[in-house]
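Examination of the molecular architecture
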Amino acid sequence: MFVRRLLQIQIQPRLQSRVQLQTQLQPQVQIQLRRGLLTSPPLVHQPPRPHAQLHRQLLHTSPSQPKASSPYLHPDPSPQPPHPLTLDHPFPTPPPADNYHTLSFYSFFPIPATETTKLRDELQKEWTDKLRILGRIYVCEQGINAQISVPVENTAALRQWLENHRLLCGRIPRFNWAIEQRRAFSALHVRVRPLVATGCPVTLDELGHEPEYLDPAQWDRELQQNEGTQQQQQPLLIDMRNSYEFRIGKFTGAICPDVDTFREEMDAVREICTDKEKPIYMYCTGGIRCSVAGALLKAEGYKSVKTLRGGVIAYGHHVRQPTEQSDAKQSLFRGKNFTFDKRLGEEVTEEVLAHCDQCGSPCDTFTNCANRSCNLLFIQCPACALKHQNTCGTSLCLERSKMTHEELIKNRMPA
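The sections below set out a description of the structure shown in this document. Source: prediction; values computed, not measured.

Taken together, the 5 strands give an open sheet; going across it, the order is β4-β1-β3-β2-β5, and neighbouring strands pair in mixed fashion. For this open sheet the edge positions go to β4 (176-177) and β5 (188-192), each flanked by a neighbour on one side alone. Pairing analysis gives 7 bridges linking strand β2 (residues 134-140) to strand β3 (residues 143-151), with the strands arranged antiparallel. What sits directly across from Gly135, in β3, is Ile148.

Dropping the structure here:
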């Protein structure tokens, strides 16, 4: 999705000031600036502590934990009883206009190394041919992570397929329905790769140190109760997403580390949370990053780690449910939830927190530059989209956006 090389041409004044700063900044910050992820240079992070890698290696010697109490962890390799086929009811209403349900799920459980490729091929073929599913799925020896769009008429059949499968039966929790129901993907891609990019392997033993999961109602109550405590006694509320994600939406009072990867996020959290006795509350898009991060922190000796079950997606549904007093609940989350699909975001509240990267007007709509050789991810308002023809505004991208497919191939940019 993101641009892979620095554009070496003159651009709009607002963007040009960022390019001029790049020679003075560390490579990581340069990457964020050229992706359009920052409006000003951040404070430079210190490099990870020298003992960080050794610390992660020691985690693998931690003893196995008791059986998990959450629906996300299934360490027992023996066959599991199937979930009821009504587990995901009620389905979202009204039916989506484009006839697609969008949902996500993840689960940690042992998959033999000899089965990962077989499972990938099985999902790719059967979910394409029989269920016409679109989306992105990762499988590995520690489980599965899926974000998909399913034709409405096949949603019930998907659950039945899962409960009939030798590895997945009884191990896939209730679907996490997207806040905005519409098709979010153009094709199905199934990959054998880690479920979260931690930088080094994470075992099921480590994942057994589960954080405490709070449903959205419990999350609301505890955050509101924490507001009354003294500053030094207040728990830490941490946004576990990347810097471009919280530009368009976040929880009030959250600490938002200026990072671009999960690995950087974990280093930042350890620097912030020096007192392992202090309670930590963390949230992410759909929950999986916090499941992994919370387990790693618990394994490292942090006493109280709580996470929002289902992430911002589940919270968005919670605040949209009407109450007796009003049509919706008061939301502690403001703005949009960033999504890693063609929607690039779904509304939780109507507040607009961000600004157009080209003119500075209030805007929270992410887009990719129409020049696919650039593909820069940035925020663009409708007026600038019209003015710059859906590009980042550079002369090269404007020129290439007018080319036909044949011309683009003939004038292919060097890698």
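Let us look at the packing of helix α4 (residues 113-129) against helix α5 (residues 155-163). To describe two helices that pack against each other, one gives the angle between their axes and the distance between the axes. As a packed pair, α4 and α5 sit with axes 12 Å apart at the nearest point and diverge in direction by 150 degrees. The angle between α4 and α5 falls in the class roughly antiparallel. For the pair α4 and α5, the sense of crossing is right-handed. Mapping the contact onto sequence places Glu122, Leu123, Glu126 and Trp127 in α4 and Leu158, Trp161 and Leu162 in α5. Looking at side-chain class alone, the contact of α4 with α5 contains 5 nonpolar, no polar and 2 charged residues.

Glancing now at the pattern of salt bridges. Counting across every chain of the model gives 20 salt bridges. The residue Glu222 makes a salt bridge to Lys306 at a minimum N-O spacing of 3.0 Å. Placement of Glu222 in helix α7 (residues 216-226) and of Lys306 in strand β10 (residues 305-308) is noted, with a sequence separation of 84 residues between them. Each member of the pair, Glu222 as well as Lys306, is classed as buried. The residue Arg334 makes a salt bridge to Glu351 at a minimum N-O spacing of 2.9 Å. Of this pair, Arg334 sits in strand β11 (residues 333-337) while Glu351 sits in the loop between β12 (346-347) and β13 (366-368); the two residues are 17 residues apart in sequence, bridging distant segments of the chain.

Time to look at the sheet that holds strand β8 (residues 249-251). Judged by pairing direction, the sheet is antiparallel, and its 3 strands sit side by side in the order β8-β11-β12 without closing on themselves. Either end of the sheet is taken by a strand with one partner, and the two such strands are β8 and β12. Of the strands in this sheet, β8, β11 and β12 touch helix α10 (residues 311-320), which is tilted by about 120 degrees from β11.

Thresholds, definitions, all that
Residues numbered from 1 in each chain as written. Predicted model: local features only at pLDDT ≥ 70, side-chain atom pairs only at ≥ 80, totals over all residues. Heavy atoms only, no water. Pairing = 2+ DSSP bridges. Helix = DSSP H or I, 4+ residues; strand = E, 2+ residues; numbered from the N terminus. Axes fitted to C-alpha atoms, helices over the stretch in contact; angles between N-to-C directions. Parallel < 35°, antiparallel > 145°, perpendicular 65-115°, else oblique. Left-handed = near helix turned anticlockwise from the far one by under 90°. Contact = heavy atoms within 4.5 Å. Nonpolar A, V, L, I, M, F, W, Y, C, P; charged D, E, K, R; others polar. Salt bridge = Lys/Arg side-chain N within 4 Å of Asp/Glu carboxyl O. Buried < 20%, exposed > 50% of the residue type's maximum accessible area, 1.4 Å probe, protein only.

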